[in-house]
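Remarks on the overall topology
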Amino acid sequence: MVEAASDLLKRLFRGFKGRLAMRLWNGTPLKLGSTGGEDAEPPFTLVCRSPGAVRTMVVGRDPLRLAEAYFRDDIDIEGDFFAALGLKDHLHAIRLSLRDRLGALLSAMRLPAAGGSCVWAGAERSLLRGRNEQAHSKTGSREAIAFHYDVSNEFYALWLDEAMVYSCAYFEQPSDDLERAQQAKLDHICRKLLLQPGERLLDIGCGWGALVIHAATHYGVRAHGITLSRHQLELARQRIAQAGLQERVTVDLCDYRDLPGESLYDKVSSVGMFEHVGLNNLPVYFAAVHRLLKPAGLFLNHGITHDVEGWSKTLSTEFINHYVFPGGQLDTISNIQRVMERERFEIADVEALRHHYALTLRHWVSRLERHHTQALEYVSESTYRVWRLYMAVCALEFESGGIGVYQVLASKRDAGRTSLPLTRRHMYP
């Protein structure tokens, strides 16, 4: 069986550009690849803990099956995790001759199939699979948010910054640490919105309260945040109380569609929220913001975008919707702006932060890896692996340009009146 697996892997990685170390279930080492020389030290080692793991690489060469094998610990990675993720491109692009293809299939058939159904994250994490068509109803949105955010506050705290900002940081220098970059992002948003003492700020999707607390503390506003996560709500309220801001900052468990009133807020922020609204619901979402905002009031919409229109079925969309965030959908920045304009917003400024999010994600992955042991006090090994793989893949997608992230500053039209200055100097002191 070891001989069959070795033969199979040599065929599979004959054209791999680089050096690859592998270790089979019985400890047999292999060095594969076409460049770098025999003595070149591979940046990572792929560990196959069972014959079925080797077979998984060949039969279908489906990266999602490989991901599940990693979640089950049938496959492990030692060394440079990001370099190892490049294997998915090699496996997808493999073009074997007919002879090699037949030889590979014969070798694969001599190996047992991988383990049974993947129960890597428990029954509760499989309930939402295949339910994306319902994920944007009010009930579906609550379930999707709980699926993602209610893993454990303590788990997130291990790898987020001290303020627990779960969105793209803002790096003035690539060498900035995460704490500084996230505080810079909060300040950047507050400056863009021209927050003034006494103004009312609404933060839709407020997370653990970082922005509403920062805006009230440093800019003197009265802030209200909403979330669909009970875990986030509880911690946000604790943090508000610890900061002594109960009189000026409130947070509620509320769907954006259920926010009452009209022309109540001077400024509205939404950071990392609209990606989960659903493309068909974007008009409803932006209309709700428009209703709540005062005439000439400012709205900052910060979120992730795709490099192609719509949210068609691809490897990355399937992975995200199946394993991490049911119902998440992305579109191009031009389409997002088009919907905003149709809902009577005037676009004032658009800033691309793609490189910033790539840096942020690499910080998160590094911090998560450093806290692996502590993470297992709050989540299973398989859940730890889901988040590690998810964030690493997203970092590479931002670096390649497959996905982007933008801050769009807009105002509610008011017969030509504007609250914005003539220049952007206020954004960059």
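Okay, so let's go over this structure.

A few words now on the overall build of the protein chain. Scanning the protein chain for helices and strands turns up 17 helices and eleven strands. In the protein chain, which comprises 429 residues, the proportion classed as buried is 56%. Considering only intrachain contacts with a sequence separation of at least 6, the fraction spanning at least 24 residues in the protein chain is 74%. In the structure as shown, the protein chain presents an accessible area of about 18,800 Å², 50% of it carried by carbon and sulfur atoms.

Its volume calculated, the second largest pocket comes out at about 280 Å³. Taken together, E162, A163, Q183, L186, A210, I213, H214, T217, H218, R239, Q242 and A243 form the lining of the second largest pocket. Breaking the lining of the second largest pocket down by element, the ones donating at least two residues are α9 (178–192), α10 (210–219) and α11 (230–242). For the lining of the second largest pocket, the leading source of residues is α10, giving five residues. For the lining of the second largest pocket, the residue count by class is five nonpolar, five polar and two charged.

A separate point is the pattern of salt bridges. Under the definition given, this model contains 18 salt bridges. Across the pair K192 and D349 runs a salt bridge, and its minimum N-O distance is 3.9 Å. Of this pair, K192 sits in helix α9 while D349 sits in strand β10 (residues 345–352); the two residues are 157 residues apart in sequence, bridging distant segments of the chain. Taken as a pair, K192 and D349 share a single burial class, namely buried. Salt-bridge contacts for K192 lead to E351; the nearest nitrogen and oxygen are separated by 2.6 Å. With K192 in helix α9 and E351 in strand β10, the pair connects residues that are 159 residues apart, well separated along the chain.

This part covers the environment of I204. Take I204: it is sitting in strand β5 (residues 200–204). Separated by 50 residues in the primary sequence, I204 and C254 place their C-alpha atoms 9.3 Å from one another. In contact with I204, other than residues within four places in its own chain, are I226, Y256, V268, S269, S270, V271, M273, Y285 and V289.

What counts and how
- Residues numbered from 1 in each chain as written.
- Predicted model: local features only at pLDDT ≥ 70, side-chain atom pairs only at ≥ 80, totals over all residues.
- Heavy atoms only, no water.
- Helix = DSSP H or I, 4+ residues; strand = E, 2+ residues; numbered from the N terminus.
- Buried < 20%, exposed > 50% of the residue type's maximum accessible area, 1.4 Å probe, protein only.
- Contact = heavy atoms within 4.5 Å.
- Areas by Shrake-Rupley, 256 points an atom, 1.4 Å probe, with all protein chains shown as cover.
- 1 Å grid on protein atoms, 1.4 Å probe; cavity = no way out; pocket = protein on both sides within 12 Å on 5 of 7 lines; lining within 4 Å.
- Points joined across faces, edges and corners; volume = space filled by probe spheres on them.
- Nonpolar A, V, L, I, M, F, W, Y, C, P; charged D, E, K, R; others polar.
- Salt bridge = Lys/Arg side-chain N within 4 Å of Asp/Glu carboxyl O.

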